[in-house]
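Breakdown of the fold
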Amino acid sequence: MMYCKLSDDGALSVACNPLRENGVVYSNASPETLQKLGYLPLLDCPRPPEKDGFWIRAVYELAGDHVLRSWYYEEGGDM
């Protein structure tokens, strides 16, 4: 399971290993530790198929006790 934080501007920060947070290094942090540090599980919707003339963009949103990644088509892709 991937854990991440979602900032107010929609930027995603993924918990890496080792994780450096507030001057402390966490190696193989447990899910409980990650959640105490503000990281939430990332749940993923299936990515849609490629479509000529469109980019596929990810959208992240807080959804209860997790971050949800969904997808949308954006015009302008040159496939």
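Look up: the structure comes first, before these words.
This section reports on the structure supplied with the text. Predicted, not measured: the structure shown is a model, and the values here were computed from it. (Residues numbered from 1 in each chain as written. Predicted model: local features only at pLDDT ≥ 70, side-chain atom pairs only at ≥ 80, totals over all residues. Heavy atoms only, no water.)

Side note on the environment of Asp44
Convention followed: Only DSSP runs of H or I with at least four residues qualify as helices, and only runs of E with at least two residues qualify as strands; both kinds are numbered from the N terminus onward. Throughout this description, buried means an accessible area under 20% of the type-specific maximum (1.4 Å probe, protein chains only), exposed means over 50%, and partly exposed covers the range between. We call two residues contacting when some pair of their heavy atoms lies within 4.5 Å. Between N or O atoms, a polar contact is any pair within 3.5 Å; within protein, one atom must be a potential hydrogen donor and the other a potential acceptor, and residues adjacent in sequence are included only when both atoms are from side chains.
Along the polypeptide, Asp44 turns up in strand β5 (residues 40-44). The class for Asp44 is partly exposed, based on a relative accessible area of 44%. Among all residues touching Asp44, those that are not within four sequence positions of it are Arg69 and Trp71. Here the side chain of Asp44 touches Arg69 through a polar contact of 2.9 Å, side chain to side chain.

Some remarks on the pairing of β5
Applied cut-off: A pair of strands is treated as paired once DSSP finds two or more bridges between them.
Bridge analysis of strand β1 (residues 3-6) against β5 gives two bridges, and the strand direction is antiparallel. Residue pairing for β5: Tyr3 is matched across the bridge by Pro41. Here β5 runs beside strand β7 (residues 66-75); their pairing, made up of three bridges, is parallel. For Leu42, the partnering residue across the bridge sits in β7 and is Val67.

Remarks on the pattern of salt bridges
Opposite charge on two side chains permits pairing when their charged atoms draw close. Using the following cut-off: Salt bridge, as used here, is a side-chain nitrogen of Lys or Arg placed within 4 Å of a carboxyl oxygen of Asp or Glu.
Taken as a whole and judged by the stated rule, the model has four salt bridges. The residue Asp44 makes a salt bridge to Arg69 at a minimum N-O spacing of 2.9 Å. Of this pair, Asp44 sits in strand β5 while Arg69 sits in strand β7, and the two are 25 residues apart along the sequence. You can call Arg69 buried: its relative accessible area is 19%.

What about the nonpolar core?
Put simply, the rule is: Note on terminology: a nonpolar core comprises buried Ala, Val, Leu, Ile, Met, Phe, Trp, Tyr and Cys residues joined through side-chain atoms within 4.5 Å.
Membership of the largest hydrophobic core is limited to six residues, which are Tyr3, Ala15, Leu19, Leu34, Leu37 and Tyr39. If near-sequence neighbours (up to four positions away) are discounted, Tyr3 is found in contact with Ser13, Val14, Ala15, Pro31, Leu34, Gln35, Tyr39, Leu40 and Pro41.

What about the sheet that holds β7?
Inclusion rule: Axis definition: a line fitted to C-alpha atoms, limited for helices to the stretch in contact. Angles are taken between N-to-C directions and run from 0 to 180 degrees.
Across the sheet, five strands lie side by side as β2-β1-β5-β7-β6; this open sheet has mixed pairing. At either margin of the open sheet sits one strand with a lone partner, and together these are β2 (12-14) and β6 (54-63). On average, each strand axis in the sheet is inclined to that of its neighbour by 45°, with strand direction left out of account. Here three bridges tie β1 to β2, and the two strands are oriented antiparallel to one another. Note on β2: the bridge partner recorded for Cys4 is Val14.

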